[in-house]
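The residues making up each chain are set out below.
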Amino acid sequence: MSSLSLKGIRKSYGSLDVIKGVDLDIKAKEFVVFVGPSGCGKSTLLRMIAGLEPITGGDLNIGGKRMNDVDPSRRGIAMVFQTYALYPHMTVRENMGFALRFAGVAKDQIAKQVNEAARILALEPLLDRLPKELSGGQRQRVAIGRAIVRHPDVFLFDEPLSNLDAELRVHMRIEIARLHRELQATMIYVTHDQVEAMTLADTIVVLRDGRIEQVGRPLELYDNPANQFVAGFIGSPKMNFLSAEIVEKIGASVTIELVKHPGTRLTLPVTGGAVGEKVTLGVRAEHFGLPGKGSVDVTLHVDAAEHLGSTSYVYANSGGELVVIEHEESRHTNGNDRITVSISADKAYLFDSAGQRLR
Amino acid sequence: MATTRLHRNEQINGWAFVMPALVLLGIFMIYPILWSLWMSFQVGRGNNFSFGGLANIQRLANDALLVHALSNTIIFFIIQVPIMIVLALLFAVALNDATLRFRGVFRTLLFLPCVTSLIAYSSLFKSMFSNDGIINQTLVSLHLIGAPIPWLTDPFWAKMVIITAITWRWTGYNMIFYLAALQNIDKSIYEAARIDGVPAWARFWNLTVPMLKPVILFTTILSTIGTLQLFDEVNNITQGGPGNGTMTLSLYIYNLTFRMMPSFGYSALVSWVIVAIVAVLSIVQFVIARDRRRAS
Amino acid sequence: MNMALLRRSATYVLLSLAAFISVFPFIWMALGATNKSNDIVTGRLSLGSNLLVNFQNLLAQVDLVRVFGNSFLIAIISTLLTLAVSSLAGYGFEIFRSRVRERVFQLLLLFLSIPFAALMVPLFVLISRAQLNNTFIAVILPTIASIFIIFYFRQATKAFPGDLRDAARVDGLKEWQIFLFVYLPTMRSTYAAATIIVFMGAWNNYLWPLIVLQTPENKTITLVISALTAAYTPDYGVILLATVLATLPTLIIFFVLQRQFVQGMLGAVK
């Protein structure tokens, strides 16, 4: 139940910088999810917190103590690996008690803690099996059990669900959320799946290219992304991006014109930007309205429509730019139709050519 | 870059794990190699030697027996290694077929020769290939030959016996390497090729062989070293005879050192000849392998 | 269809022929051990009645217990030490990467192709100077750090999951404990295959023991068979009986560890 603080954390392999200065405070009992595309450095950052990768620069504090040079086993952490990393030659019971054995804990105390963890995860019937005799989901539970047994202050999860099938993944997600409530521990969770991030996190940390792009609560990030990258990464389906150009600027508002739809103009309350600047208009799928109900209408060609029952997605084409639409009329639209939708200025986002948010 | 304790630990552990091996290799491999380089310039008998300048090299230039040993070794190498590797490949491909019955039995039987010691099987072959022995008797009774073949008393046939013996002993060993490599190849590649109508021989030449190339190269190098090491068989079946017809480099060095007038300096120089040959052959093999890759 | 059947039959015929050729010398050896030397050199291929006589003759010439004891002692100690030293090094080279050690490893691969014949003269002088001539230490020591086995273990270690080592580090194990309690037990089939290779190599080693072991009480079984074969009038009944006895231990080890051997080779070739 420790808090963590990362100050100017850097990591480089020779001349290659992988983590380029990360500052982050994590409160005790918080569930923090590191999310980002592959290669963004999220796993490396987690492994640096675990002590598995040397830290090139900066300060790592766990529970108020500087931990940069402390052995992994003395950082008060436990880790759950993507591949589960169960010792193949040991039974579930031995796997779970292995760390305690090397910490010099008495035999009966080990047994007590193992049984306790097995109870929490309903692993009792499996205790004397070998990992190879377990299913993927069971192995994952054992891996989590092995972490619980040690009563760590901080749990680290490295993409723990990515080797499971879709159904099991949903199930384990709920299980992990329950564990977080029950154990009241600090948890740091790495994933590339923004759905996992949205559903599990108290706080999401979006990483790209070794840097933090934005930190915030899930809906904060969804509603109020700091830049085009976060806007595109958080949310499913992805936010739609339409290229545009600023054609007029009066006081605290600008008027833009869609590049692929000459004549289609939209005025937004934006202070920055200059006439002639290339910008990107961002619209979430569910923010398209019926014709005439928004600020401006556009007509698009429909490539395909996916009817999922509870909702329908229309995949339309705006001069080469893919647009996903989800609104009341989606249900009645099919491939090769033409669809007219409206865009509301108050629900639209605007990004400059560098991807920074203008509105 | 600041060296962290974690980083330093990795370094210390890294050296600690490899150190015992490195120390032993230093004493029993690197030191002898350097020592024999120095020894190559010494003349004299046994442990009494003195600096002889280029005397050994002059002796090397006029050594007919060395040329003989060298050419024998090359003959063994050129004939035996390709035969063995092709056989091993064919067996491995045949045994890799999951629909083949008794594959486990075949695999075990073909590997069996490898468990024999070189000396034990040499003695077996010597007895089997004797003048009135089982091989000649069988061949004569099958009317394949009119008169017994002088296996061990004719230089040509003696070479054939050695080649047969080595092939018998090592084919299964190489086969296991190929079999292991074959099992790592994705079966769907072959299924795709069959659907595309690629005939069996083309699947072998254009799929199997290229995919096994690293292993083939590896076993070829091992076999090359093996041929240059050739000692146990020739020393026990033919003693290098008849008429030095099966004399090999290893046996020649052994004779120079322990049988004839012991001349450590000269045998050290001959050892370096072997090292040079191995170096050249290894380079050639790597270059060939690389050119093939480029060509394909 | 007919073509496929034909090819399948040809495969069976060729494999059976190859299997027969592989096995025939074993049959020859077993039958020969029961025959008189004269019958053997004239190619008799049936069970004889001379087994006991051959055995008595062998006992008369060779102190079998002593000779086998020597061979076992050398082979077992060699195997244990080689596996220990070489697997440590293979693991170390693969797990703890550094530019310097990578260079060292490449250098070792270069040395892999240096034949023993090139080393035996200086090695012999080295051993003589250290006054280790005619000792088992002299036979064993130079073979312990085997570049081939180091290479083999490094290859096999590539299949050892990095997460497993990380999990053990988080669990508080020191590096040597990870090697001993996690790596070693998970790599059992790799060790099994290496055991076969190293034990057979040590048991069958000939040239180096021939050079260093001079007195009869230190001879190994391979040296004895060689001496029997080199006799002016070799007694093949005795020789083949001795080869049967010399081959049995490696044969047994192979059959016991066969499954792990194939698995281990699979891991190494990947």
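Definitions and limits used
- Residues numbered from 1 in each chain as written.
- Chains lettered and ligands numbered in written order.
- Predicted model: local features only at pLDDT ≥ 70, side-chain atom pairs only at ≥ 80, totals over all residues.
- Heavy atoms only, no water.
- Contact = heavy atoms within 4.5 Å.
- Buried area = accessible area lost by both parts, 1.4 Å probe.
- Polar contact = N/O pair within 3.5 Å; in protein donor to acceptor, adjacent residues only side chain to side chain.
- Pairing = 2+ DSSP bridges.
- Helix = DSSP H or I, 4+ residues; strand = E, 2+ residues; numbered from the N terminus.
- Buried < 20%, exposed > 50% of the residue type's maximum accessible area, 1.4 Å probe, protein only.
- UniProt positions renumbered as here; feature names shortened; annotations may be inferred.
- Phe/Tyr/Trp six-rings, centres within 6.5 Å; stacked < 30°, edge-to-face > 60°.
- Lys NZ or Arg CZ within 6 Å of the ring centre and 35° of its normal.
- Salt bridge = Lys/Arg side-chain N within 4 Å of Asp/Glu carboxyl O.

## So, the interface of chain B and chain A
Contacts between chain B and chain A engage 5 residues on the former and 10 residues on the latter. Here chain B packs against chain A, burying approximately 650 Å² in sum over the two surfaces, 55% of which is carbon and sulfur. Joining chain B to chain A, the criterion identifies 0 residue pairs in polar contact (both at pLDDT 80 or more).

## Quick word on the pairing of strand β4 (residues 57-62) of chain A
Residue and element names in this part refer to chain A. Here strand β1 (residues 4-13) runs beside β4; their pairing, made up of 5 bridges, is antiparallel. Looking at β4, one finds that Lys7 is bridged to Asp59. Examined bridge by bridge, β4 and strand β5 (residues 65-66) share 2 bridges and lie antiparallel to one another. Each residue of the ladder has a partner; that of Asn61, found in β5, is Arg66. In this antiparallel pair of consecutive strands, β4 and β5, the connection spans 2 residues, and Gly63 shows a positive phi of 60°.

## Concerning the sheet that holds β5(A)
An order of β2-β1-β4-β5 (chain A) is seen for the 4 strands of this open sheet, with the pairing classed as antiparallel. Strand pairing shows two members of the sheet lacking a second neighbour, β2 (16-26) and β5 of chain A, which therefore form its edges.

## Describing the environment of Ala231(C)
Residue and element names in this part refer to chain C. Following the sequence through the fold, Ala231 ends up in the loop between α13 (221-229) and α14 (236-269). Take Ala231: its relative accessible area is 34%, and that puts it in the partly exposed class. On a C-alpha basis, the gap between Ala231 and Ala130 in space is 33 Å, while along the polypeptide they are 101 residues apart.

## Quick word on the UniProt feature "domain: ABC transmembrane type-1" (unreviewed entry) in chain B
Using the residue numbers shown here, the UniProt feature "domain: ABC transmembrane type-1" (unreviewed entry) corresponds to residues 70-285 of chain B. When the span residues 70-285 of chain B is considered, its composition is 75% helix and 0% strand, and the gap between its end C-alpha atoms is 19 Å.

## What about unusual backbone geometry?
The peptide bond linking Ser236(A) to Pro237(A) adopts the cis configuration, its omega dihedral lying at 0°. Relative to the assigned elements, Pro237(A) resides in the loop between α8 (228-233) and β11 (240-250). Even without glycine at this site, Gln239(B) takes up a positive phi of about 55°. Checked against the element boundaries, Gln239(B) lands in the loop between α10 (232-237) and α11 (249-259). With a relative accessible area of 40%, Gln239(B) lands in the partly exposed category.

## Focus on the packing of aromatic side chains
By the definition in use, this model includes 48 aromatic pairs over all chains. Here Phe125(B) and Phe129(B) contribute two aromatic rings whose centre-to-centre distance is 5.8 Å and whose plane-to-plane angle is 15°, an arrangement assigned as stacked. Taken individually, Phe125(B) and Phe129(B) each receive the classification buried, so the pair is uniform in this respect. Taking the centre distance of 5.3 Å and the plane angle of 80° together, the rings of Trp151(B) and Trp157(B) count as edge-to-face. Given a relative accessible area of 9%, Trp151(B) falls into the buried group. For Trp157(B), a relative accessible area of 28% gives the class partly exposed. Ring pairing ties together the aromatic residues Phe17(B), Tyr91(C), Phe96(C), Tyr152(C), Phe153(C), Phe160(C), Phe179(C), Tyr183(C) and Tyr191(C), which thus form one cluster. Positioned above the aromatic ring of Trp15(B), the side-chain terminus of Arg101(C) is 5.0 Å from the ring centre. For Arg154(C), the ring lying beneath its charged end belongs to Phe105(C), and the centroid distance is 4.4 Å.

## Overview of the UniProt feature "transmembrane region" (unreviewed entry) in chain B
Residue and element names in this part refer to chain B. Taking the numbering used here, the UniProt-annotated feature "transmembrane region" (unreviewed entry) corresponds to residues 12-34, 74-93, 105-124, 156-180, 211-231 and 264-288. In this annotation, residues 74-93 is assigned 100% helix and 0% strand; the end-to-end C-alpha distance for the span is 29 Å. For residues 211-231, the helix share is 90%, the strand share is 0%, and the end-to-end C-alpha distance is 33 Å.

## Looking at the pairing of β11(A)
Residues and elements named next belong to chain A. In terms of strand pairing, β11 meets strand β14 (residues 278-283) through 6 bridges, oriented antiparallel. Within the sheet, the bridge partner assigned to Leu242 lies in β14 and is Leu281. For β11 and strand β12 (residues 253-258), the ladder comprises 6 bridges, and the chain directions are antiparallel. Paired with Ile250 across the strands is Ser253, a residue of β12. Between β11 and β12, which pair antiparallel in sequence order, lie 2 residues; one of them, Gly251, sits at a positive phi of approximately 55°.

## Quick word on the interface of chain B and chain C
Taken together, the 90 residues of chain B in the interface contact 91 residues of chain C. Regarding the contact of chain B and chain C, the summed buried area is about 7900 Å², with carbon and sulfur atoms giving 77% of it. Considering only the side of chain B, the residues that lose the most area to chain C are Phe17(B), Phe28(B) and Val115(B), jointly responsible for 10% of the buried surface there. In this structure, the connection of chain B to chain C is made through 2 salt bridges. Arg8(C) is the salt-bridge partner of Asp97(B), the closest N and O atoms lying 2.5 Å from each other. The interface formed by chain B and chain C includes 14 residue pairs in polar contact (both at pLDDT 80 or more). Ranked by residues supplied to the side of chain B that touches chain C, first place goes to helix α1 (residues 5-39) of chain B with 22 residues.

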